[in-house]
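# Breakdown of the fold
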Amino acid sequence: MAVGTRTPGWINEGYQEYAKRMPRETELRLVEIPATPRKGRSADISRQREADKMLAQISPKEWVVALDTGGLACSTEQLAKKLDKWRMRGSDVVILVGGVDGLAPACHERANEIMSLSKFTFPHALVRVIVAEQLYRAWTLLTGHPYHRA
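Cut-offs applied
- Residues numbered from 1 in each chain as written.
- Predicted model: local features only at pLDDT ≥ 70, side-chain atom pairs only at ≥ 80, totals over all residues.
- Heavy atoms only, no water.
- Pairing = 2+ DSSP bridges.
- Helix = DSSP H or I, 4+ residues; strand = E, 2+ residues; numbered from the N terminus.
- Axes fitted to C-alpha atoms, helices over the stretch in contact; angles between N-to-C directions.
- Salt bridge = Lys/Arg side-chain N within 4 Å of Asp/Glu carboxyl O.
- Buried < 20%, exposed > 50% of the residue type's maximum accessible area, 1.4 Å probe, protein only.

## Things to note about the sheet that holds strand 3 (residues 63–73)
Pairing is parallel in the open sheet, where 3 strands are placed in the order 4-3-5. One side of each edge strand has no neighbouring strand; the edge strands of this open sheet are strand 4 (93–96) and strand 5 (113–116). Averaged over all neighbouring strand pairs, the angle between strand axes comes to 40°, with direction disregarded. Bridge count for strand 3 against strand 5 is 5 bridges, and the pairing is parallel. Paired with Leu-72 across the bridge in strand 5 is Met-115.

Listed below in structure tokens is the structure:
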């Protein structure tokens, strides 16, 4: 689930490329949350409004992973192990990608895990492609596909 609905075409194409490679049982589905207009609002208010929209769409049984630079970083191999555990849980996994101001504290509180892609801060739209590629890479690692060659 990602904040923002107006992403460049190359972002959408990159995301779709990896999403279509995933098997049906590990399908990626992007849910876009409209960004809150920033004009005349503080970042805290905007983040909270976006969080309210996100959290309203998450069921109590879903496993939630919030992405934040302060979260736990992991290697591709560690992500593959997480993906395997998530698949065994039998419930959907929701990965939260914040907007330009990040995620509100309410998203962190709801999260079962807080992960970091890097110490770098990436453009929030680009994170969609990075996450899709890393999930695909993790899946190929689990299945013995030759895509991952580290």
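More follows now that the structure is in view.
## Considerations on the pattern of salt bridges
This structure, assessed with the given rule, holds 9 salt bridges. Glu-17 is the salt-bridge partner of Lys-20, the closest N and O atoms lying 3.3 Å from each other. A residue pair is termed a helical-turn pair when its members lie 3 or 4 positions apart in one helix, as Lys-20 and Glu-17 do in helix 1 (residues 9–21) at 3 residues. Residues Lys-82 and Glu-113 are paired through a salt bridge, measuring 2.6 Å at the closest nitrogen-oxygen approach. One end of the pair, Lys-82, is in helix 3 (residues 76–89); the other, Glu-113, is in strand 5, with 31 residues separating them in the sequence. Residue classification places Glu-113 among the buried residues on the basis of a relative accessible area of 14%. A single salt-bridge network, built from bridges that share partners, covers Glu-17, Lys-20 and Arg-21.

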